[in-house]
Amino acid sequence: MDPSVDTWDLSSPLISLWINRFYIYLGFAVSISLWICLQIVIKTQDRSSQEKSVPRAPQDLMTNGYVSLQEKDIFVSGVKIFYGSQTGTAKGFATVLAEAVMSLDLPVAIINLKEYDPDDHLIEEVGKNVDKWLWMLGAHRVMSRGEGDCDVVKSKHGSIEADFRAWKTKFISQLQALQKGERKKSCGGHCKKGKCESHQHGSEEREEGSHEQDELHHKDTEEEEPFESSSEEEFGGEDRQSLNSIVDVEDLGKIMDHVKKEKREKEQQEEKSGLFRNMGRNEDGERRAMITPALREALTKQGYQLIGSHSGVKLCRWTKSMLRGRGGCYKHTFYGIESHRCMETTPSLACANKCVFCWRHHTNPVGTEWRWKMDQPEMILKEAVENHQNMIKQFKGVPGVKAERFEEGMTVKHCALSLVGEPIMYPEINRFLKLLHQCKISSFLVTNAQFPAEIRNLKPVTQLYVSVDASTKESLKKIDRPLFKDFWQRFLDSLKALAAKQQRTVYRLTLVKAWNVDELQAYAQLVFLGNPDFIEVKGVTYCGESSASSLTMAHVPWHEEVVQFVRELVDLIPDYEIACEHEHSNCLLIAHKKFKIGGEWWTWIDYNRFQELIQEYEDSGGSKTFSAKDYMARTPHWALFGANERGFDPKDTRHQRKNKSKAISGC
């Protein structure tokens, strides 16, 4: 035996620890592992509680970040508001709604879909489809989806703004209830027509006394919800039962195709049964007035004299100019209108387009059909003339106003139905035109080429205009922003209807630089389609910055650029030539060669002869027709293209504005 071993005392505690050291190491390892697991659990609980509170760092609303509020336990973790906007309306609504949500001490994020992650595919599927898909995937609504439309005939409260306010009020009220933990029983998917049974009966945990209150509240608020619907009501019978369970994302495509088919069939059935007849009516079943109090205030500030419930008149700046002897509008140069005797009016403030260059900045209502209360044409004409005369009277004694022209201006000789809106929408437009002609007032009617049937049914006018703002489907949608889904077919049909007219017809082209000036060949094809007597080509007028349009001064072409466009266009349409020019309006006139007789242009109008012809037409019950060449007059030399005057009447004195950058608009 090794003698060194005898020197060790095995009963020593240190020796025992050394011998059992592996067990000690194992104990330390287990203890550390347990401590780490405990720390993970604690941190997880802390993070969960923090998610229910609001972060403190403030951020801008429009940067897709959350707005910070004081930290607080709540039942609603936050609100995200998605918006997609062309004119700024939806963006404004999103901001207003966000402010209302913030007042509840809730975090809110405003998200522009244009800047949203494209992988989510939400840009093309905003609103209805997102609502359906979320519901089908098992999400629960805070409240039913609200819908709004700029088309006022589809509005329940008179305007899209009023519909939004009504929906916002109910949404904020619902958020307040959720914030307090008063959330109602989740919908089981068996409800019909968007009416959740749990909303009426409450949850089993609530007291019986609260059930009746819920039912009364439900009945009271049911009528107030604007355009509310839920995805359940868009499925029928067996399909609704099959959708009670969670739906796989892969199955959404087939289901949505089926839904769209059912929706089309439902709309067709409703149209046949006349369920849409009450649209555009108030709670008493009466048709609403087109001009709401808010709209009346806005248009009055812009200088409109409003007539009845849907008409208006305004003094054109060229009327004021000619009263002072400072020159007339391009219609004076092209057609011989006496600008100081021209009344600019409309029997319909509503329009079916939201053009980017509208100088009214979209304060007028928009719609696709007449659903409003209607005033009689006799009243409209009487008040239009009276209001026009009252505005002329204000120039009596004003320095520079010529006495003879002031007296002449008190008698209306011409009516430009181009003030704003779509005059041809007015159901009694033919009666209104007949009254004008009986008063020996010539008629210049402008339409936006979206109502072909109305163009075909239109009685003779002195001159009929169609706005041709673009020559392709894509550019027309971008510039005019029409409400009709079949806008392009309506546009083409309107041009075809124009070709059948016997009286003077005009294409009205507005050039927007970088948007529609490179479509010469397409414009030429449209000329062949409608075969107009004249083509007016005018550079767009910039009317100032507006949230409703992205138009800037960079889109306004120089006059020489307009001249170059016209020269190139005429080369493509051999039956036409450049006839007149009005440099001051940045406008040129292309005329059909049939108005060039013996080497001289006859683009002016013999207004007295027109009145004789229209009277014969009326007396014969419409059997004695007439054509544009029957009331033409010779164009003076100063109005011709290439003349030194460049379209300015030498009888007047040209006045140079001190502030040349000021926006100028007119008929």
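Residues numbered from 1 in each chain as written. Predicted model: local features only at pLDDT ≥ 70, side-chain atom pairs only at ≥ 80, totals over all residues. Heavy atoms only, no water.

Novice: Hey, could you run me through the packing of helix H18 (residues 487-499) against helix H19 (residues 520-530) in this one?
Specialist: Where H18 meets H19, the closest approach of the two axes is 7 Å, and the angle between their N-to-C directions is 45 degrees. Taken together, H18 and H19 sit at an angle that is classed as oblique. Residues Phe491, Leu492, Leu495, Lys496, Leu498 and Ala499 of H18 form the contact with H19, whose own contacting residues are Leu526, Leu529 and Gly530. (Axes fitted to C-alpha atoms, helices over the stretch in contact; angles between N-to-C directions. Helix = DSSP H or I, 4+ residues; strand = E, 2+ residues; numbered from the N terminus. Parallel < 35°, antiparallel > 145°, perpendicular 65-115°, else oblique. Contact = heavy atoms within 4.5 Å.)

Novice: Just to check I follow, could you spell out the pattern of salt bridges for this structure?
Specialist: Should the charged atoms of two oppositely charged side chains come close, the side chains can pair. Applying the stated rule across the entire model yields 18 salt bridges. Of the charged contacts, one joins Lys434 and Glu618 as a salt bridge, the two residues approaching to 4.0 Å between their closest N and O atoms. Here the residue Lys434 occupies a position in helix H15 (residues 429-438), and Glu618 occupies one in helix H21 (residues 607-619), the gap between them amounting to 184 residues. The class for Lys434 is partly exposed, based on a relative accessible area of 39%. For Lys596, the salt bridge identified is with Glu577, shortest N-O distance 2.9 Å. Of the two residues, Lys596 sits in strand E13 (residues 596-597) while Glu577 sits in strand E11 (residues 576-582), which places them 19 residues apart along the sequence. (Salt bridge = Lys/Arg side-chain N within 4 Å of Asp/Glu carboxyl O. Buried < 20%, exposed > 50% of the residue type's maximum accessible area, 1.4 Å probe, protein only.)

Novice: Is there a simple way to explain H19 in this structure?
Specialist: Each α-helix winds once per 3.6 residues, and so residues spaced three or four apart point in a common direction. Of all the residues in H19, the buried ones are Leu520, Tyr523, Ala524, Leu526, Val527 and Gly530. Buried residues of H19, viewed axially, fall in a sector of 160 degrees; they line one side. Where the residues of H19 are buried, they touch H18, strand E9 (504-511), strand E10 (534-539), helix H20 (559-570) and E11. Backbone geometry just downstream of H19 places Asn531 in the positive-phi region, at approximately 45 degrees. (Arc of directions from axis to C-beta.)

Novice: I tried to follow the UniProt feature "transmembrane region" (unreviewed entry) in the protein chain on my own but got confused; where do I start?
Specialist: Residues annotated by UniProt as "transmembrane region" (unreviewed entry) correspond here to residues 22-42. As a span, residues 22-42 carries 100% helix and 0% strand, and end to end its C-alpha atoms are 31 Å apart. (UniProt positions renumbered as here; feature names shortened; annotations may be inferred.)

Novice: Could you clarify how one ought to interpret the packing of helix H3 (residues 89-102) against helix H5 (residues 160-179) in this entry?
Specialist: Relative orientation of the contacting elements H3 and H5 amounts to 25 degrees, with a least axis distance of 10 Å. Here H5 runs roughly parallel to H3, going by the angle between their axes. Taken as a pair, H3 and H5 cross one another with a handedness that is right-handed. Where H3 approaches H5, its residues Phe93, Val96, Leu97, Ala100 and Val101 are matched on the opposing element by Ile160, Glu161, Phe164, Trp167, Lys168, Phe171, Ile172 and Leu175. Split into classes, the residues belonging to the contact of H3 with H5 amount to 11 nonpolar, no polar and two charged. (Left-handed = near helix turned anticlockwise from the far one by under 90°. Nonpolar A, V, L, I, M, F, W, Y, C, P; charged D, E, K, R; others polar.)

Novice: What exactly am I supposed to notice about the environment of Ile590 here?
Specialist: Inspection of the secondary structure puts Ile590 in strand E12 (residues 587-592). With relative accessibility at 0%, the residue Ile590 sits in the buried group. Setting aside residues no more than four positions away along its own chain, Ile590 makes contact with Asp533, Phe534, Ile535, Val537, Val566, Leu569, Val570, Ile573, Tyr576, Glu577 and Ile578.

Novice: Can you help me understand the side chain of Asn586 in this one?
Specialist: Topologically, Asn586 is positioned in the loop between E11 and E12. Of note is the side chain of Asn586, whose polar atom sits 3.1 Å from the backbone oxygen of Pro557. (Polar contact = N/O pair within 3.5 Å; in protein donor to acceptor, adjacent residues only side chain to side chain.)

Novice: Before we go on, may I ask you to explain the confidence of the model for the protein chain in this structure?
Specialist: Note: predicted coordinates in regions of low pLDDT should not be interpreted at a detailed level. Per-residue confidence for the protein chain gives a mean pLDDT of 77, with 69% of residues at or over 70. Predicted confidence is poor over residues 185-246, with pLDDT under 50, and the contacts of this stretch with residues over four places away or in other chains come to 99 contacts. The low-confidence segment residues 270-279 (pLDDT under 50) makes nine contacts with residues lying over four places distant or belonging to another chain. (pLDDT = per-residue confidence, 0-100.)

Novice: Explanation requested: a nonpolar patch on the surface in the structure shown.
Specialist: The grouping of Leu14, Leu17, Phe22, Ile24, Tyr25 and Phe28 at the surface amounts to a nonpolar patch, some 690 Å² of accessible area in total. Counting only elements with at least two residues in the nonpolar patch, the list comes to helix H1 (13-19) and helix H2 (21-51). Ranked by the residues each element gives to the nonpolar patch, the list is headed by H2, at four residues. As for its placement among the helices and strands, Leu17 is situated in helix H1. Taking the relative accessible area as the measure of exposure, Leu17 reaches 49% and is therefore partly exposed. (Patch = residues over 30% accessible without salt bridge, like charges linked within 9 Å, V, L, I, M, F, W, Y side chains within 5 Å. Areas by Shrake-Rupley, 256 points an atom, 1.4 Å probe, with all protein chains shown as cover.)

Novice: Is there a simple way to think about the sheet that holds strand E5 (residues 342-346) in this case?
Specialist: Either a parallel or an antiparallel arrangement is found when strands of a sheet pair, and the pairing is made through backbone hydrogen bonds. With mixed pairing, the 10 strands of this open sheet are ordered in space as E3-E4-E5-E6-E7-E8-E9-E10-E12-E11. Each of the sheet's edge strands pairs with one partner strand only, and the pair in question is strand E3 (305-307) and E11. Each strand axis lies, on average, 25 degrees off the axis of its neighbour in the sheet, ignoring direction. Of the strand pairs in this sheet, E10 and E12 are connected by five bridges, and their pairing is antiparallel. Bridge pairing links Glu536 to Leu589 in E12. (Pairing = 2+ DSSP bridges.)

Novice: Any chance you could explain the pairing of strand E6 (residues 414-417) here in plain terms?
Specialist: Working note: regular strand, side chains alternate between the two faces of the sheet. Residues His414 and Ala416 of E6 are buried on one face, and the alternating residues Cys415 and Leu417, pointing to the opposite face, are buried as well. Where E5 meets E6, three bridges bridge the pair, whose relative direction is parallel. Residue pairing for E6: Glu344 is matched across the bridge by Ala416. As paired strands, E6 and strand E7 (residues 442-447) are joined by four bridges and run parallel to one another. Paired with His414 across the bridge in E7 is Ser442. Handedness of the crossover is the feature at issue here: the chain leaves E6, passes through H15, returns alongside E7, and the resulting connection is right-handed. (Right-handed = clockwise from strand over helix to strand, strands pointing away.)

Novice: Sorry, what's going on with the environment of Thr345 here?
Specialist: With respect to the helices and strands, Thr345 occurs in strand E5. Once residues within four sequence positions are removed from consideration, Thr345 is found in contact with Gly312, Val313, Ala384, Cys415, Ala416, Leu417, Ser418 and Leu419. One polar contact links the side chain of Thr345 to the main-chain carbonyl oxygen of Gly312, over a distance of 2.7 Å.

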